[in-house]
Amino acid sequence: MTVVAESDLLERVLAGEARACARLMTLAERGDPAFARAHRRFAGRLGQALRIGLTGPPGAGKSTLVEGLARHWRQAGRRLGVVAVDPTSPFTGGALLGDRVRMSRLALDQGVFIRSMATRGVFGGLARATDDVVDVLDLSRRDLVLVETVGVGQSEVDVACSTDLTLVVLHPGGGDTIQAMKAGLMEVADLYVINKADMPGLERLVQELLDVMDLRDLPPERRPPILTTVASTGQGLQELARVVDETLLARRASGALAVRRSDNLERRVRRLVEGSLRRDVWETRRLSDHLHQRLAGGGTLSAYDLADDVLHLYRDAARDDARTGLEGTP
Amino acid sequence: MRAVDPSTGAPRTGASRSPSFLAWQEAFGATPERDAPFETVSCESVPALVTAEDVAGMDMAAEIGLPGQFPFTRGPYASMYRSRLWTMRQFAGFGTAADTNARYKYLLARGQDGLSVAFDLPTLMGYDSDHAHSEGEVGRCGVAISSLRDMETLFDGIPMAEVTTSMTINSPAAIIWAMYLVTAQKQGCRLDQLGGTIQNDILKEYIAQKEFIFPPAPSMRLVVDTIEYASQHVPRWHPVSISGYHIREAGSTAVQELAFTLADGFAYVEACLERGLDIDAFAPRLSHFFNSHLDFFEEIAKYRAARRIYARRMRDKYGARQARSMTLRFHTQTAGCSLTAQQPYNNLIRTTWEALAGVLGGTQSLHTNSMDETYALPTERAVKLALRTQQLIAYESGVANTIDPLAGSWFVEDLTNRMERGAEEIFRQIDELGGVIPAIEKGWFQQQIARSAYQYQREVESGRQKIIGVNHHVEDESGDERIELLEIGIEKEHGQVAALQALKRERSAAKVAAALERIRRDAASSTNLMPAFMEASAAYATLGEMVDVLRQSFGTWRESPSF
Amino acid sequence: MSIDQPIRVLVVKPGLDGHDRGAKVVAAALRDAGMEVIYGGLHQTPEAIVEMAVQEDVDVVGLSILSGAHMTIFPRVKQLLDAAGAEDVLLTGGGIISSEDMAALAARGVGRLFGPGSRLSDLADYIRTEITRRRATTRSA
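Owing to the predicted nature of the structure, the values given are computational and were not obtained by experimental measurement.

Turning to the sheet that holds strand 2 (residues 91-92) of chain B, a few remarks are in order. Residues and elements named next belong to chain B. One open sheet holds the 5 strands; their spatial order is 2-3-4-5-6, and the pairing between them is parallel. Whereas interior strands pair on both sides, the edge strands pair on one side only; in this sheet they are strand 2 and strand 6 (237-238). Bridging between strand 5 (residues 196-198) and strand 6 involves 2 bridges; their strand directions are parallel. Residue pairing across strands places G196 opposite W237, the latter belonging to strand 6. Along the sheet, helix 7 (residues 173-186) makes contact with strand 4 (165-168), strand 5 and strand 6, crossing strand 4 at roughly 150°.

Structure below.
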C-alpha cells in the first residue's frame, strides 16, 4: 500500500467508515507490515474506548449477554464495537464463526461494528491480532469495545491482558464446578456474571464462588462482585451495565486503569518481541531447517546440545549482520 | 450373525442356532459381499438375514396384535383400506388464489379426494403481499393469501362442506384457519360440517423448518387455542398435524424423525392437559405427518413403531381411555430431498416406491411429489403423473386388498422393534435436557439434525451412499430435452399487490381497527383468540395486520443456530 | 496481500425462506476445507448482508435461496456490494436455480452457482481457485 493510500485509510477509519475499518483489521490479521506502520502513526490517538472482555465456558449465553449489554449502551447513545473470537480447528485450519448470528438484533444497528475472528493456530482464546483489531475500533472513535471469547485453556488470561475489565460468565447447572476450572479463571475475573440465573443451581454456584474466594483468603475489597442475569429476557442487564460503568470510572479515577493498561501494553510488547525473535530464529535464519537436518543425522542427541547449537548459530549470524550493517526487520 | 432379544435388543447369550442356520452362515461367509455399505439411508446397518429366532421372544399378541386394537401396530382401524382407501391429497398452491383455485378444480376432476393448500413464503411468515419483505416472493412457493377475499377466491366453486382441506401453515395458522372458517360460513356451511387439517405444528418450526414468528410460549398458547376451539366448535377438524416430514427433510435420520415428532406431539398433549382440557375431548383430533424416504423397509417399520409407541404413551402416561385417543393417524409425503435434478424422470420411480412404503405402512392420506420439483413447482402434467402413481398403486398393485401384509415378516418386525428402541433412547435424552422446549432452546434438536445432514452429505460425496445420476451412473445431460417447467411471472405479484391495495380502500377502516383492538386485548388476556381472529377476518383485516398485532404483543423469535 | 491467508466466507440466507439444511452443510464443509465461515443466519435483508460482508471483510458471500426469488435477490446484493466498494467480493451460492437463470446472473456479475446434487468439494475448489486468482491479480496490480 502506498503512503498516500495509508493516510487516506487512517482518515477514513477516524471518520468511522466501516469499509476502511474492516480493511485495516484485515491488514492486521494478515500480519501485513503496513499495519505496523499505520499503528505507529495512530497509537497516540488510542485509549478513548473502554475495553471489556467476556469469557467463560461454552453454553453460558455470552453472545446473548453481549447483545443485551450492547443494546443497553446503544440506547444510552454510546458507540460500540464487538470482537467475537472462536477457535480455529487444529485439524482443518478452518473455523465456524457463529457468534455474530447470535447477536442478530445488534447486527442490524448501524452504530455497532461486529468483527468475527478465528484464533488461527494460537493457543488460548484470542487471536494474535485481537489487540490490533480492538485498536482499530478504538481508533474509529468507539466508546466501548466488547471482546468475547470462549473460556477454555489459557484464554481467560489472554482476554484479561487485552482488556480493561474482564467479565467471567458462568451459568448454573453447567456441570463444571469451580474447582474443576482452571486457576486462571479465578485470577482474572473483575466481575462474575451468572447468566441463565433462572435455572436451578444458582445458589449452589454462588456458594461455590464464595467458597473459592474464601479458600484463597481474598480480602473483601479484592473479591469480584457476583451479578446475576437472565440475558434472554434482559433481567439484570441494566444493573450489570451500571456496575461495569462505575467500576471503570472508579479505576480511571484511582489510576488503576492506567496501571492495568500499562501492564497489558508491556505484555503485548513482550509478545511482539518474542514473536519476532521466534520468526527470526526459525524462519528468517532457517534454523528450523538446520535443526531438522541435525535430527535426521541420527545418534543420541542431547536437547541442550542441540539448543546450544541453534543459539550459537543465531548469535553468530546476528553479529555478522550487525557488522555488515544489515538489520533483520521484525 | 446377531441373535438378539427382541424386547431389549441385547444379544441373546448362549443362543443356540439351528444346524441349518450355521450351515447357511458358513455358506454366506464363503461368498464375498459386493462393495456396498449395506446401510439404510439413515446410516443404520442392515442385517443380511433375519430369521424367526431373532424375534422369537416377542409376544406377538401384545406387540403386533390386530388392526384397530391396542397397540394398533397393524393400523388404527379394523378395516383399513378394505373399507376406504387412503385419501389422495396432493399439496398444491402457487401464484394468486385464482390460479390455485383452477389447479384445485383440475385435480378434483381427476380423482383427487381432498385438497391441500401450499402458501407462499410471505403468507407463511405473516406478511401481506405488499410488504417490503414480500418483494420477489409473492406466489412463488405457494398461493398468496393476504385477506379473506383471497380465501374466498381460493374456494370459489368448491363445496367446503363436502371436500376436506389440509392447510400447511404454522405460525399464522390460527388466523388463516379463521379466514377459512369464515369463508365456509359465507358459503352457508356450518362449522360442524367442516373437515380438514391445519398443520399448526410450531415446535417443528423451531427444530427444522424455521418458519417461526413468535417465541415458543405464546406460540404454544395459539396452538392450544386452536385445539380448544376445534374440540368445542369444529369437531371434525384436525387442529394440529404433528410433523416429522420437515425434520426429515432438514436431514435427520428415520429414528430421529420418529422420536422428535412424537416428542413434539406429547408436548402439545401436555400443554392441553395443563390448560385443563380432557384428553379424550381433544386427542381424537390430533393427527400426524411423516416423510416417506428412500429406504423402503425402514420407513414401513417407522410407521408401525410410531403407532405402537403412541398408543402406549397415550394410554399409560396420559390416561387416554378411548381408542380414538390412542390411535396415531397420519398423512405421508414422499421425500422431497430424495429427488434429484439430474435425470429427473428417475424421480417418478423413486416416488413410486416411497408411496408404496407409505401405503404398506398404513397411511391415512398421501401426497406424492412430482418429478420436476427439484426445479420448480409442478406442472399440470407432472402433478397428474404423481396422482396417477397413487391410483395405480391403489387399483392395480393389489397391495390394498389386505391389511398390513408385512406383519409377521421377521425382518420387518425386528426392524420395527429396533426403531421403537431407538426412539425410546431419544425420549430419554430429551427428558434429561428438561423436555422439548428446553431442548429447543439449547439448540439440541437442531444440532442433532445438522450433524445427521452433514454425515449424510459426506456419505454421498464419498460415494458410499449411491445416488443415480448424482454420483452413480452420471450422464452428460446438457444435450437432453429440457423438461417443461412451471413459471410464475412477476405480474402475479403486481396483480396481487394492486388487488390488496384496492381492498384496503373498499373495506370499513373502523371495523378493522376495532377488530384489531380486540385481538390486542384478547392476546393480553387468556381469552381464546379464535373468535377475535374470525371477527377481524370477516372485516377484511389483512393477515399482516393481524400478525403485526401479535408481533407487538408476543414479541418475535430469533434463533441461535447450532451446527 | 498474502495468498495463503484463510479465506473468509459469509454464508447466509436472504429473504423469507428458512430451510437451512444446505446452508449449514455448506458452512460445515467450508470450515472443514480450511476456510473461516461467518454464518449470517436466516431472514437477512440484502442491506444487512452487505453490511456484514463489509464489516467482516469477507472474500466470498454465499447465498442460499430455495424460494425462487433469486432473480431479485442476487442482483440486489451485487448492486449493494458494488455500491459499498466491495465489488471484488465473490458472490456465489446455491439453491433452486435453473441453468438459464444461472447464466443470466453470471452476466450480471454473479459467480458460479451450485444447484441440487452439487458436490461440496466442487464448491470449495471453486472458491479456492477464484480467490487465489483474485489475490494474485491484486498483488501484481
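That covers the picture; the talk isn't over yet.
On to the domain arrangement of chain A, then. Residue and element names in this part refer to chain A. Under the domain assignment, chain A is made up of domain 1 (1-44), domain 2 (46-255) and domain 3 (268-327). Computed from C-alpha atoms alone, the centre-to-centre distance between domain 1 and domain 2 is 27 Å. Taken residue by residue, the interface counts 19 residues in domain 1 and 16 residues in domain 2. Summing the contributions of domain 1 and of domain 2, the shared interface buries around 1600 Å²; its carbon and sulfur component is 62%.

Turning our attention to the sheet that holds strand 5 (residues 144-149) of chain A. Residue and element names in this part refer to chain A. Taken together, the 7 strands give an open sheet; going across it, the order is 4-2-5-1-6-7-8, and neighbouring strands pair in parallel fashion. Strands with a single pairing partner mark the edges of an open sheet, and in this sheet they are strand 4 (112-118) and strand 8 (226-228). Neighbour-to-neighbour, the strand axes of the sheet open up by a mean angle of 20°, direction not taken into account. Taken together, the 6 bridges between strand 2 (residues 80-86) and strand 5 define a ladder with parallel strand orientation. In the strand pairing of strand 5, V82 is matched with L146. Against the sheet, helix 9 (residues 202-215) touches strand 6 (165-170), strand 7 (191-194) and strand 8, its axis set at about 160° to strand 7.

The next point concerns the interface of chain C and chain B. Note on interface size: it is often stated as the accessible area lost on association of the parts. With 31 residues of chain C in contact, the opposing surface of chain B contributes 38 residues. The contact between chain C and chain B buries some 2700 Å² in all, and 57% of this surface belongs to carbon and sulfur atoms. The largest contributions to the chain C side of the interface with chain B come from C:L16, C:R21 and C:K24, which together make up 28% of the buried area. Remark: the boundary between chain C and chain B carries 2 salt bridges. Here C:D20 makes a salt bridge to B:K210, at a shortest N to O gap of 2.6 Å. The interface formed by chain C and chain B contains 14 residue pairs in polar contact (both at pLDDT 80 or more). Of all the secondary structure elements, the ones that give two or more residues to the side of chain C that touches chain B are helix 1 (21-32), strand 2 (36-44) and helix 5 (120-140) of chain C. A total of 8 residues in the side of chain C that touches chain B trace back to one element, the largest contributor, which is helix 1 of chain C. Taken together, the residues of the side of chain C that touches chain B break down into 11 nonpolar, 12 polar and 8 charged.

Turning to the packing of aromatic side chains, a few remarks are in order. Residues and elements named next belong to chain B. For the structure shown, the criterion picks out 26 aromatic pairs over all chains. Aromatic pair F155 and Y180: ring centres 5.1 Å apart, planes at 90°, arrangement edge-to-face. Of this pair, F155 sits in the loop between helix 6 (148-154) and strand 4 while Y180 sits in helix 7; the two residues are 25 residues apart in sequence, bridging distant segments of the chain. Centre to centre, the rings of F260 and F445 are 4.7 Å apart; their planes meet at 80°, and the pair counts as edge-to-face. With F260 in helix 11 (residues 254-274) and F445 in helix 19 (residues 444-462), this residue pair connects regions lying 185 residues apart in the sequence. Look at F260 and you get buried, because its relative accessible area is 0%.

This part takes up the nonpolar core. In this structure, B:M167, B:W177, B:L181, B:L194, B:I519, B:F533 and B:L550 are the most contacted members of the largest nonpolar core, which totals 85 residues. The greatest single-element share of this core, amounting to 11 residues, is contributed by helix 7 of chain B. Among the nonpolar cores identified, the runner-up in size contains 79 residues, and A:L96, B:A311, C:Y126 and C:I131 belong to it.

Residue and element names in this part refer to chain C. Under the 1.5 Å per step criterion, the end-to-end length of helix 1 is 17 Å for 12 residues, consistent within 8% with the ideal 16 Å. Along helix 1, the residues classified as buried are A23, K24, V25, A27, A28, A29 and L30. Positioned one or two residues after helix 1, G34 has a phi angle of 90°, which is positive.

The interface is formed by 6 residues belonging to chain B together with 6 residues belonging to chain A. Both sides of the chain B and chain A interface together cover about 620 Å² of buried area, and 54% of this is carbon and sulfur. Three residues, B:R558, B:P561 and B:F563, lead the burial of chain B against chain A; their summed loss comes to 67% of the area buried on that side. Between the two partners, chain B and chain A, sit 0 salt bridges. The interface formed by chain B and chain A includes 2 residue pairs in polar contact (both at pLDDT 80 or more). Split by residue class, the side of chain B that touches chain A holds 2 nonpolar, 2 polar and 2 charged.

Further remarks concern a positive patch on the surface. Residues and elements named next belong to chain B. Together, R110, R381, K384 and R388 make up a region of like positive charge exposed at the surface. Tracing the sequence through the fold places K384 in helix 16 (residues 380-396). Taking relative accessible area as the criterion, K384 reaches 32% and is therefore assigned partly exposed.

Another point: the pattern of salt bridges. All names here are of chain A. Counted by the stated rule, this structure contains 83 salt bridges over all chains. Between R242 and E246 there is a salt bridge, and its shortest N-O distance comes to 2.6 Å. One end of the pair is R242 and the other is E246, both in helix 10 (residues 237-254) and 4 residues apart, which spans about a single turn. Here R242 falls in the partly exposed class, since its relative accessible area comes to 38%. Of the residues examined, E246 reaches a relative accessible area of 43% and is grouped as partly exposed.

On the surface, a cluster of negative charge is contributed by B:E475, B:D476, B:D480 and B:E481. In this structure B:D476 comes out as exposed when scored by relative accessible area, which is 64%.

With that settled, the discussion passes to helix 2 (residues 46-55) of chain C. Given 3.6 residues per turn, any residue in an α-helix points the same way as the ones three and four places further on. Most of helix 2 of chain C sits out of view: 9 of its 10 residues are buried. Looking only at helix 2 of chain C, the buried set comprises C:P46, C:A48, C:I49, C:V50, C:E51, C:M52, C:A53, C:V54 and C:Q55. In this structure, the buried residues of helix 2 of chain C make contact with helix 2 (18-29) and strand 4 of chain A together with strand 1 (8-14), strand 2, strand 3 (60-65) and helix 3 (70-83) of chain C. Two residues or fewer past helix 2 of chain C, C:D57 is found with a positive phi of approximately 45°.

With that settled, consider the pairing of strand 9 (residues 330-334) of chain B. All names here are of chain B. Burial of strand 9 is extensive: 5 of the 5 residues sit out of reach of the surface. A two-sided burial pattern is seen for strand 9, the buried positions comprising F330, T332 and T334 on one face and H331 and Q333 on the other. Note: strand 8 (residues 286-292) against strand 9, 5 bridges, orientation parallel. Counted as the bridge partner of S292 is T334 from strand 9. The sheet contact formed by strand 9 and strand 10 (residues 365-367) spans 3 bridges and is parallel. Pairing of H331 across the sheet is with S365, part of strand 10. A crossover links strand 9 with its parallel partner strand 10, the connecting element being helix 15 (residues 346-360), and its sense is right-handed.

You can see A:E6 is positioned in helix 1 (residues 3-14). The exposure class of A:E6 is buried, given its relative accessible area of 6%.

Residues and elements named next belong to chain B. Enumeration over the complete set of coordinates arrives at 5 cavities of 30 Å³ or more. Its volume calculated, the largest cavity comes out at about 130 Å³. Contributing to the lining of the largest cavity are 13 residues, with V41, G251, S252, T253 and Y456 lying nearest its centre. In terms of residue class, the lining of the largest cavity is built from 4 nonpolar, 7 polar and 2 charged.

In this model, chain C carries an average pLDDT of 93, and 96% of its residues clear a pLDDT of 70 or more. For this predicted complex, the interface confidence reaches an ipTM of 0.93, while the overall pTM sits at 0.90.

A separate point is unusual backbone geometry. In this model, B:F70 is joined to B:P71 through a cis peptide bond whose omega is -5°. By secondary structure assignment, the location of B:P71 is in the loop between helix 2 (60-63) and helix 3 (80-83). In this model, B:K210 sits at a positive phi of 65°, which is unusual for a non-glycine residue. Note that B:K210 resides in the loop between helix 8 (203-209) and helix 9 (216-233). A residue is classified by how much of its surface remains accessible, and B:K210, at 1% relative accessible area, is buried. Of note, the phi angle at C:H43 is positive, near 55°, even though the residue is not glycine. Residue C:H43 is classed as partly exposed on the basis of its relative accessible area of 23%.

Cut-off values and rules
Residues numbered from 1 in each chain as written. Chains lettered and ligands numbered in written order. Predicted model: local features only at pLDDT ≥ 70, side-chain atom pairs only at ≥ 80, totals over all residues. Heavy atoms only, no water. Pairing = 2+ DSSP bridges. Helix = DSSP H or I, 4+ residues; strand = E, 2+ residues; numbered from the N terminus. Contact = heavy atoms within 4.5 Å. Axes fitted to C-alpha atoms, helices over the stretch in contact; angles between N-to-C directions. Domains from an automatic or database assignment. Buried area = accessible area lost by both parts, 1.4 Å probe. Salt bridge = Lys/Arg side-chain N within 4 Å of Asp/Glu carboxyl O. Polar contact = N/O pair within 3.5 Å; in protein donor to acceptor, adjacent residues only side chain to side chain. Nonpolar A, V, L, I, M, F, W, Y, C, P; charged D, E, K, R; others polar. Phe/Tyr/Trp six-rings, centres within 6.5 Å; stacked < 30°, edge-to-face > 60°. Buried < 20%, exposed > 50% of the residue type's maximum accessible area, 1.4 Å probe, protein only. Core = buried A, V, L, I, M, F, W, Y, C linked by side-chain atoms within 4.5 Å. Expected span 1.5 Å × (residues − 1). Patch = residues over 30% accessible without salt bridge, like charges linked within 9 Å, V, L, I, M, F, W, Y side chains within 5 Å. Areas by Shrake-Rupley, 256 points an atom, 1.4 Å probe, with all protein chains shown as cover. Lys, Arg positive; Asp, Glu negative; His and termini not counted. Charge placed at Lys NZ, Arg CZ, Asp CG, Glu CD. Right-handed = clockwise from strand over helix to strand, strands pointing away. 1 Å grid on protein atoms, 1.4 Å probe; cavity = no way out; pocket = protein on both sides within 12 Å on 5 of 7 lines; lining within 4 Å. Points joined across faces, edges and corners; volume = space filled by probe spheres on them. pLDDT = per-residue confidence, 0-100.

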